[in-house]
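Here is what each chain is made of, one letter per residue.
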Amino acid sequence: MAGGWARTVGTRLQGWSPRAALAMMARRRWPLLALAALGLGGAVGGASFLLQEHFQQAFQDGARLAGWQEFLRRGAPWQALPPVLAGAVLALIGWLRLGRAKPEPSFGLSSAAPPSAPALRSMLRRERRVVLGVADAVAVLVGMVVVRLALYGGLAAAGDQLALATIPGLVFEVLSWLACGGAVWGWRRRYLDRLEGWGA
């Protein structure tokens, strides 16, 4: 029995290669999105902490900081959140409006005549790709801020006082991004449900 299991594993590993693994992940969006969020969160979190530490030290040494330097020194300033919350509100409005929406031609169509059914379906498929791309991008950004919070949490647990002082702002930032992500994914889900109803 153990020999059969080893043969099965060996057979599966024979066809394995980094290229095959990447192709498999490309077919399954979630692993790719998770890897993007992890990489981006680690890079952004590490860079932001180093810059925050640098400008905090400059501030303590009496240097006058420019607006963007002060922004980075704070680590998680509230000024970064209004666009995120505005995105959440717009996604909620879109979700509500889709409840009564009917298929209609794109603004890009120049002809005054109604489009044919195949042209309308093609337009809806293009819009579907855009909606899925936006939702995926938001999912990666939500994952990025969660990873950044985890990185700061690890630094705070290791005794870093600057990271510890930044945690409350980061928690609020993560909650704002989660609200935005939830609204966008609700809008995405309703949009896809409507497309199925329209047969696109």
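Residues numbered from 1 in each chain as written. Predicted model: local features only at pLDDT ≥ 70, side-chain atom pairs only at ≥ 80, totals over all residues. Heavy atoms only, no water.

Of regular secondary structure, the protein possesses 7 helices and 0 strands. Seen in sequence order, the protein has helices and strands lined up from the N terminus as α-α-α-α-α-α-α. Looking at the 200 residues of the protein, the share that counts as buried comes to 29%. Summed over its atoms, the accessible surface of the protein is roughly 12900 Å², and 66% of this surface lies on carbon and sulfur atoms. (Helix = DSSP H or I, 4+ residues; strand = E, 2+ residues; numbered from the N terminus. Buried < 20%, exposed > 50% of the residue type's maximum accessible area, 1.4 Å probe, protein only. Areas by Shrake-Rupley, 256 points an atom, 1.4 Å probe, with all protein chains shown as cover.)

Take Ala36: it is sitting in helix H3 (residues 29–60). Assessed through its relative accessible area of 35%, Ala36 is described here as partly exposed. Between the C-alpha atom of Ala36 and that of Gly143, which follows or precedes it by 107 residues, the distance is 8.6 Å.

All chains considered together, the criterion is met by 5 salt bridges. When the shortest N-O distance is used, the salt bridge between Asp136 and Arg29 registers 3.0 Å. In this pair, Asp136 sits in helix H6 (residues 117–157) while Arg29 sits in helix H3, placing the two residues 107 residues apart along the sequence. The shortest N-O distance in the salt bridge between Glu70 and Arg74 comes to 3.2 Å. Of this pair, Glu70 and Arg74 both sit in helix H4 (residues 67–74), 4 residues apart, which is roughly one turn of the helix. Relative accessible area serves as the criterion here: at 42%, Arg74 is assigned to the partly exposed category. (Salt bridge = Lys/Arg side-chain N within 4 Å of Asp/Glu carboxyl O.)

It is worth spelling out a nonpolar patch on the surface at this point. Together, Val146, Val171, Leu175 and Leu178 make up a nonpolar patch on the protein surface, roughly 320 Å² of accessible area in all. With 3 residues, the top contributor of residues to the nonpolar patch is helix H7 (residues 161–198). In this fold, Leu175 is placed in helix H7. (Patch = residues over 30% accessible without salt bridge, like charges linked within 9 Å, V, L, I, M, F, W, Y side chains within 5 Å.)

The next subject is the packing of H3 against H4. Pairs of packed helices are described in terms of their axes, by the angle between the two and the distance that separates them. Taken N-terminus to C-terminus, the directions of H3 and H4 make an angle of 115°; their axes are 7 Å apart at the nearest point. Classified by the interaxial angle, the pair formed by H3 and H4 is roughly perpendicular. Where H3 crosses over H4, the handedness of that crossing is left-handed. Along the contact surface, H3 presents Leu51, Gln52, Phe55, Gln56 and Phe59, while H4 presents Trp68, Gln69, Leu72, Arg73 and Arg74. (Axes fitted to C-alpha atoms, helices over the stretch in contact; angles between N-to-C directions. Parallel < 35°, antiparallel > 145°, perpendicular 65-115°, else oblique. Left-handed = near helix turned anticlockwise from the far one by under 90°. Contact = heavy atoms within 4.5 Å.)

Bringing the nonpolar core into the picture now. Core analysis: the biggest nonpolar cluster contains 13 residues, and Val145, Trp177, Cys180 and Val184 have the highest contact counts within it. Contributions of two or more residues to this core are made by helix H5 (82–98), H6 and H7. (Core = buried A, V, L, I, M, F, W, Y, C linked by side-chain atoms within 4.5 Å.)

A probe matching the size of a water molecule, rolled over the atoms, marks out where space remains unfilled. Put simply, the second largest pocket is a space of about 260 Å³. Along the walls of the second largest pocket sit 16 residues, with Phe71, Gly75, Ala80, Arg148 and Glu173 positioned nearest its centre. Of all the secondary-structure elements, those providing two or more residues to the lining of the second largest pocket are H3, H4, H6 and H7. Considering every element that reaches the lining of the second largest pocket, the biggest residue donor is H3, with 4 residues. Partitioning the lining of the second largest pocket into residue classes produces 12 nonpolar, 2 polar and 2 charged. (1 Å grid on protein atoms, 1.4 Å probe; cavity = no way out; pocket = protein on both sides within 12 Å on 5 of 7 lines; lining within 4 Å. Points joined across faces, edges and corners; volume = space filled by probe spheres on them. Nonpolar A, V, L, I, M, F, W, Y, C, P; charged D, E, K, R; others polar.)

A word on the side chain of Gln56. On the secondary structure map, Gln56 appears in helix H3. Those residues in contact with Gln56 that sit more than four places away from it in its chain are Arg73 and Leu162.

Keep in mind that low pLDDT regions are not for reading the predicted coordinates in detail. The share of residues in the protein with pLDDT of 70 or more is 76%, and the mean pLDDT across the chain is 81. No element of the protein has a lower mean pLDDT than helix H1 (residues 2–14), at 49, and none a higher one than H3, at 91. (pLDDT = per-residue confidence, 0-100.)

The next point concerns the environment of Gly87. With respect to the helices, strands and loops of the structure, Gly87 is situated in helix H5. Since its relative accessible area comes to 23%, Gly87 is described here as partly exposed. Taking C-alpha positions, Gly87 is 8.2 Å from Val184, a pair spaced 97 residues apart along the chain.

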